[in-house]
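The primary structure of each chain is shown beneath.
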Amino acid sequence: MIPSGNGYVQMLSEMFQKHTINISDTMQFKNYGIDGFTVARVLENIRLQRIPLHRSPIITLLIGVNDIGLMMNTDRTEFQKKQMMQDFVAHYKELLKLLTRDARQVILMEPFIFPHPEEYQTWIPYVRTMSTHIRQLSEKFNLPFLPLHDYFNNEAIQKGFDQITTDGIHLTRYGHELLATLLYEVIIKSSTDHLTKSSKSPASIAKSNKQCGGLACIRRVQAPSDKLQSSYCYEQVAKADC
């Protein structure tokens, strides 16, 4: 079992232990975070079964900023950047096809960047374009979409960028706490909606670098005596941005 680290995955685990009665003791959290992963690398690893996703009822996906970093830092022409964005969408779509085979729910999280330092200001239009594509895919697959870019930037404007981000890409401890809180609420809502068999579509949940590409898993198992273990699995299928 891969440690959940010191970021929002670990904080999320602690929130379930503290606030979720009769559930936290049967949950396992796993972090598959890998520094610098792009959507293509995550897709490749899942296809080659390097990242195990079998029986993962709840998966969250946060990826994209590393892909934008490749566009911006490798002297690409505008035409090449456009093609890379199209490739990102195609890979993301294929990734969703794999993730939704077993998962009860896949929660899509919006990539984010901060204009602090100012050099990342030029990345923001690409983040917005990418976010539009991801939101469209969330609607196509009928999956929840969690907006993060404006949320984090508004928090940074109010409290100071240094309170939220360490370098414009990675989050501070307080930033991780904010993200863990958002995810906790979304996962609880997703689980509740499933149990009540809600007929409402959760296509959009409006809750409001080199980042690390990875997976974090919350697995809910049955009593130790059960041979077959059911699971909730929260997979940060790549904050290829962490």
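Note that residues are indexed from 1 along each chain, following the sequence as it is written. Since the coordinates come from a predicted model, pLDDT governs what is reported: local features require at least 70, and pairs of side-chain atoms require 80 or more to be given and counted, while whole-chain, interface and lining totals use all residues. By convention in this description, side-chain values take in all heavy atoms of the structure and omit both hydrogens and water.

**With respect to the overall build of the chain**
Each helix and strand in the chain was counted, giving eight helices and seven strands. Buried residues in the chain amount to 52% of all 242 residues. Accessible surface, the chain as shown: approximately 11900 Å² in total, 50% of it carbon and sulfur. Every helix listed is a DSSP run of H or I at least four residues long, and every strand listed is a run of E at least two residues long, numbered separately from the N terminus. Residue burial is assigned from relative accessible area. The probe radius is 1.4 Å, only protein chains are included, and a residue is buried under 20% of its type maximum, exposed over 50%, and partly exposed in between. Working definition of accessibility: Shrake-Rupley area with a 1.4 Å probe, residue cover restricted to the visible protein chains.

**Considering the sheet that holds strand β5 (residues 145-146)**
For two strands to be treated as a pair, DSSP must find no fewer than two bridges joining them. Taken in spatial order, the three strands line up as β3-β4-β5 in an open sheet, and their pairing is parallel. Here the strands that pair on one side only, and so sit at the sheet edges, are β3 (58-62) and β5. Across two bridges, strand β4 (residues 105-109) lies against β5 in parallel orientation. Bridge assignment links L108 to a residue of β5, and that residue is F145.

**Overview of the nonpolar core**
Membership of the largest hydrophobic core comes to 36 residues, with the highest contact counts inside it found for Y92 and L108. Those elements giving two or more residues to this core turn out to be α2 (39-47), β3, α3 (65-73), α4 (78-102), β4 and α5 (124-140). Here the element with the most residues in this core is α4; it accounts for eight residues. We call two residues in contact when some of their heavy atoms are within 4.5 Å. Y92 has contacts with V39, L61, I63, L108, I134 and L137, leaving out every residue within four places of it along the chain. Y8, L62, M109 and L179 belong to the second largest nonpolar core, which has 27 residues in total. Joining through side-chain atoms within 4.5 Å is the link that ties buried Ala, Val, Leu, Ile, Met, Phe, Trp, Tyr and Cys residues into a set, and such a set is a nonpolar core.

**What about the confidence of the model for the chain?**
If pLDDT is low for a region, its predicted coordinates should not be looked at in detail. Every residue gets a pLDDT, meaning the predictor's confidence in that residue, from 0 to 100. This prediction gives the chain a mean pLDDT of 79; 69% of its residues lie at or above 70. Contacts of residues 220-242 to residues separated by more than four positions or lying in other chains number 117 contacts, the stretch itself having pLDDT below 50.

**Points about the environment of K81**
Examined against the element boundaries, K81 turns out to sit in helix α4. The spatial distance from the C-alpha of K81 to the C-alpha of M71 is 5.5 Å, given a sequence separation of 10 residues. When sequence neighbours within four positions are dropped, the list of residues in contact with K81 reads M71, M72, R76 and Y126.

**Observations regarding the pairing of β3**
With five of its five residues buried, β3 lies for the most part within the structure. Neither face of β3 is left uncovered, since the one carrying I58, T60 and L62 and the one carrying I59 and L61 both have all their residues buried. One ladder, built from five bridges, connects β3 with β4; its direction is parallel. The partner of I59 across the bridge, within β4, is V106.

**Comments concerning the side chain of N45**
Structurally, the position occupied by N45 is in helix α2. When its relative accessible area of 6% is taken as the criterion, N45 is described as buried. The residues touching N45, leaving out its near neighbours within four places in the chain, are I34, F37, R50 and I51.

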